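Coordinate analysis (summary)
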Amino acid sequence: MRKLTIIGGGFAGLTAAITAAEAGTRVTVHEAHRTLGGRARTAEGPYLTNEGPHALYSGGPHWTWLKQRGLLGPLAPLPAAEAARFRFHRAGALHRVPPLGLLRQALRTAEQAPVDVDFRTWATGLAGERTARVAAAYSGVALFHHDPGSLSARFVQERLHRAASLPPEAHFVRGGWGQLIDRMAARAWELGVRIETSSRVDDLPLDGGPVIVATALPAAARLLGDPSLAWESGRTVLLDLALRTRKGDPFVVSDLDAPGWVERFTAQDPSLAPAGQQLIQAQLPIGPDASKAEGVAHAERLLDLGFPGWRERTVWRREAVSQGRTGAVDRPGTTWRDRPAVDRGDGVYLVGDQVAAPGVLSEVSFTSAVEAVSLALRADLVGRHHQHGLDLKRA
Ligand SMILES: Cc1cc2nc3c(=O)[nH]c(=O)nc-3n(C[C@H](O)[C@H](O)[C@H](O)COP(=O)(O)OP(=O)(O)OC[C@H]3O[C@@H](n4cnc5c(N)ncnc54)[C@H](O)[C@@H]3O)c2cc1C
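Some points on the sheet that holds strand β9 (residues 233-244)
- In spatial order, the strands read β5-β4-β10-β11-β12-β9-β13; together these seven strands make up an open sheet with mixed pairing. What marks the edges here is a single partner per strand, and that holds for β5 (93-95) and β13 (314-328). Each neighbouring strand pair of the sheet contributes to a mean axis angle of 20 degrees, computed without reference to strand direction.
- Summarising the sheet, strand β11 (residues 261-264) and strand β12 (residues 277-285) pair through four bridges and their orientation is antiparallel. Looking across to β12, one finds that Trp261 is bridged to Gln283.
- Helix-sheet contacts for helix α6 (residues 129-139) involve β4 (86-90), β10 (252-255) and β11, and the interaxial angle to β4 is about 130 degrees.

Examining the site of the ligand
- For the ligand, the set of nearby residues contains 34 residues, the closest of which are Glu31, Arg39, Asp353, Ser362 and Ser365.
- At a separation of 2.7 Å, an oxygen atom of the ligand approaches a polar side-chain atom of Asp353.
- Elements that contribute at least two residues to the shell around the ligand include exactly α1 (11-22), β13 and α12 (362-394).
- When residues of the shell around the ligand are assigned to their parent elements, the largest contribution, three residues, is made by β13.
- Taken together, the residues of the shell around the ligand sort by class into 14 nonpolar, 15 polar and five charged.

Description of the domain arrangement of the protein chain
- Domain annotation of the protein chain identifies domain 1 (3-50 + 59-67 + 175-232 + 334-386) and domain 2 (77-171 + 235-322).
- A straight line from the C-alpha centre of domain 1 to that of domain 2 covers 29 Å.
- Together, the buried faces of domain 1 and domain 2 total about 1,500 Å²; carbon and sulfur atoms form 56% of this surface.
- It is Tyr47, Thr49 and Val360 that lose the most area in domain 1 upon contact with domain 2, and together they represent 37% of the buried surface on that side.
- The tally of links between domain 1 and domain 2 comes to one salt bridge.
- The closest approach of N and O atoms between Glu363 and Arg162, which form a salt bridge, is 2.7 Å.
- At the boundary of domain 1 with domain 2, the tally comes to seven residue pairs in polar contact (both at pLDDT 80 or more).
- Of the residues in the side of domain 1 that touches domain 2, the class split is six nonpolar, nine polar and three charged.

Thresholds applied
- Residues numbered from 1 in each chain as written.
- Predicted model: local features only at pLDDT ≥ 70, side-chain atom pairs only at ≥ 80, totals over all residues.
- Heavy atoms only, no water.
- Pairing = 2+ DSSP bridges.
- Helix = DSSP H or I, 4+ residues; strand = E, 2+ residues; numbered from the N terminus.
- Axes fitted to C-alpha atoms, helices over the stretch in contact; angles between N-to-C directions.
- Contact = heavy atoms within 4.5 Å.
- Near = heavy atom within 4 Å.
- Polar contact = N/O pair within 3.5 Å; in protein donor to acceptor, adjacent residues only side chain to side chain.
- Nonpolar A, V, L, I, M, F, W, Y, C, P; charged D, E, K, R; others polar.
- Domains from an automatic or database assignment.
- Buried area = accessible area lost by both parts, 1.4 Å probe.
- Salt bridge = Lys/Arg side-chain N within 4 Å of Asp/Glu carboxyl O.

Below you can see the structure in the form of structure tokens.
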């Protein structure tokens, strides 16, 4: 493929750019924002909050790909003493021991969950109502939806396996995902990719060359003038806090009554906040009719239980609602194959975390990006064979 235009310079756009440039293609990336990364951006400081992702799951295809290219590290390993500070919330109390043993056992022996049935029904039949509720709440960390029990059993089962695996799959990039994006951008530069930031594209380029649209799905729907490009995603309240350090704070509080997660990210990476302070993010999925205040109140209940004196210790605080930005969720009867297709025809490809590609969270952006480049390369090859055939005939 001689040239390729990529619209969007987030994790998906950069994955596509590197993949195509490695195959010898001249690539141009247009990014609307003044910096690359999209949702994978990290704030500039003093609190290195991530706009979106924290966890890089080592079971995903992106892990191996990044590792092979030396783009993965350095990572921020979790000290054993901090790992021991994982807490589970049930019925107003925090517990050290997860009720996940039974759950893991039940899920390990279970065959692949059905697509057509909701997770609540399937897991209740397998392990009882209480275990099903706990499992659904725990899976929230990998799917950011307020009611995982209502989603496809197959979809939730896969995320639960990944989120509850031992040893844990979740790893953390030191300094935040922004560091990973910087390494990917440097690799793209080395390969000769042209990167244009502050370059919003409002119409598809008219030069006829292949185009990869690597924006979030709503932006892609506008760009391609196709409102049918839509898929469900979650709605999550995010509460970021910097607290003065107190010995004994938990590493994680995972709510097993309803999806909710509070994580002290300085436990694994002290560089995220100034010395003597801890950086915490609470993630509370809320329903379509719930208010931000309800999510914040849920976060504060968990903080009251786990972080004594947190109100007096707060030195910085930020609240946000992340709507439709946490990747696709699949309803019963649907799988990733039913989402908007990568190949849009006429040399246009759609990538991102709400399109027809497998994986968990950002892995969907990754797999769709690699798939789009491979489809574009194949189409180019077929086109060239065809042209060669015509030339031979003419000769
Ligand atoms: C709160 C939260 C927590 C998350 N946690 C995790 C996690 O722990 N692990 C994980 O793997 N994933 C996680 N995710 C998901 C992850 O952030 C996303 O899947 C991933 O970052 C999406 O990357 P992308 O490149 O597909 O899209 P984006 O990051 O949205 O990138 C799209 C880019 O396109 C640009 N753009 C848009 N329109 C135009 C235009 N017209 N012209 C030019 N450029 C344009 C945007 O500025 C943006 O930079 C989380 C997300 C959120 C919100």
